[in-house]
Amino acid sequence: MKTLILSCNTGQGHNSCATAIKEVYDREGECCVIEDALRFISPHASDFISGWHVRIYRHLPTVFKFSYNIIEKFPNVTFGDKSASYKFFALGAKKLVE
């Protein structure tokens, strides 16, 4: 069995969890790969999004919390299949399939 874990570099919590899961797979001798999901869009997009994500939650925590509250209250508007964010993140779908 092969397992792919999609993570992202937005703060390292995702990567820490992915690494912990991969360690279990490694101990069991199973194949597990961790990939940065944002890199399927482009390395520049990954670096840009990750960098700004970290800056905002470190230096503007109120803005960060407000944004999260909006996303939680209106998930279909902010990330629904007709939203700009959905269309942007879907740009990496072909590379992911490949």
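Our structure's up above, just so we're on the same page.
On a predicted model such as this, the values are computed, not experimentally measured, just so you know.

Visitor: How should I be thinking about the pattern of salt bridges in this particular structure?
Guide: Where charged atoms from two side chains of opposite charge come close, those side chains can pair. One pass over the structure, following the stated rule, counts three salt bridges. The shortest N-O distance in the salt bridge between R39 and D36 comes to 3.7 Å. For D36, a relative accessible area of 11% gives the class buried. A salt bridge links R39 to D47; the nearest nitrogen and oxygen atoms lie 3.2 Å apart. Owing to a relative accessible area of 47%, D47 belongs among the partly exposed residues under this scheme. Through salt bridges that share partners, D36, R39 and D47 make up one connected network.

Visitor: Would you take a moment to explain the environment of F89 for this structure?
Guide: Residue placement: F89 occurs in helix α5 (residues 84-89). With a relative accessible area of 37%, F89 lands in the partly exposed category. Note: C-alpha distance between F89 and I41 (48 residues apart in sequence) is 7.0 Å. The contact partners of F89, leaving out residues within four places of it in the chain, are L38, I41, I49 and F79.

Visitor: Got a minute to help me understand the packing of helix α2 (residues 43-59) against helix α3 (residues 61-73) in this structure?
Guide: Two measures define how a pair of helices packs: the angle their axes make with one another and the distance between the axes. Following both chains from N to C, one finds α2 and α3 inclined at 110°, their axes separated by 5 Å at the closest point. As far as their axial angle goes, α3 and α2 are roughly perpendicular. Residue-level contacts link H53, I56, Y57, R58 and H59 of α2 to P61, V63, F64 and Y68 of α3. The residue inventory of the contact of α2 with α3, partitioned by class, reads six nonpolar, two polar and one charged.

Visitor: What should I look at first to understand the side chain of S7 in this one?
Guide: Among the structural elements, S7 can be located in strand β1 (residues 2-7). You can call S7 buried: its relative accessible area is 6%. Side-chain polar atoms of S7 contact the side chain of N15, separated by 2.6 Å. Those residues within four positions of S7 in sequence are excluded, and the remaining contacts are H14, N15, A18, I34, E35, D36, A37 and L38.

Visitor: Mind showing me how you'd approach the environment of K73 here?
Guide: For K73, the position within the fold is in helix α3. What makes K73 exposed here is its relative accessible area of 63%. In this structure the C-alpha to C-alpha distance between K73 and P61, which are 12 residues apart in sequence, comes to 18 Å.

Visitor: Would you explain the pairing of strand β2 (residues 31-36) in this entry?
Guide: The two faces of a sheet get side chains in turn, since along a regular strand they alternate between them. When β1 meets β2, the two strands line up parallel, connected through six bridges. In the sheet register, T3 faces β2, and the bridge partner there is C32. As a crossover connection, the stretch from β1 through helix α1 (residues 13-28) into β2 is right-handed.

Basis of the calculations
Residues numbered from 1 in each chain as written. Predicted model: local features only at pLDDT ≥ 70, side-chain atom pairs only at ≥ 80, totals over all residues. Heavy atoms only, no water. Salt bridge = Lys/Arg side-chain N within 4 Å of Asp/Glu carboxyl O. Buried < 20%, exposed > 50% of the residue type's maximum accessible area, 1.4 Å probe, protein only. Helix = DSSP H or I, 4+ residues; strand = E, 2+ residues; numbered from the N terminus. Contact = heavy atoms within 4.5 Å. Axes fitted to C-alpha atoms, helices over the stretch in contact; angles between N-to-C directions. Parallel < 35°, antiparallel > 145°, perpendicular 65-115°, else oblique. Nonpolar A, V, L, I, M, F, W, Y, C, P; charged D, E, K, R; others polar. Polar contact = N/O pair within 3.5 Å; in protein donor to acceptor, adjacent residues only side chain to side chain. Pairing = 2+ DSSP bridges. Right-handed = clockwise from strand over helix to strand, strands pointing away.

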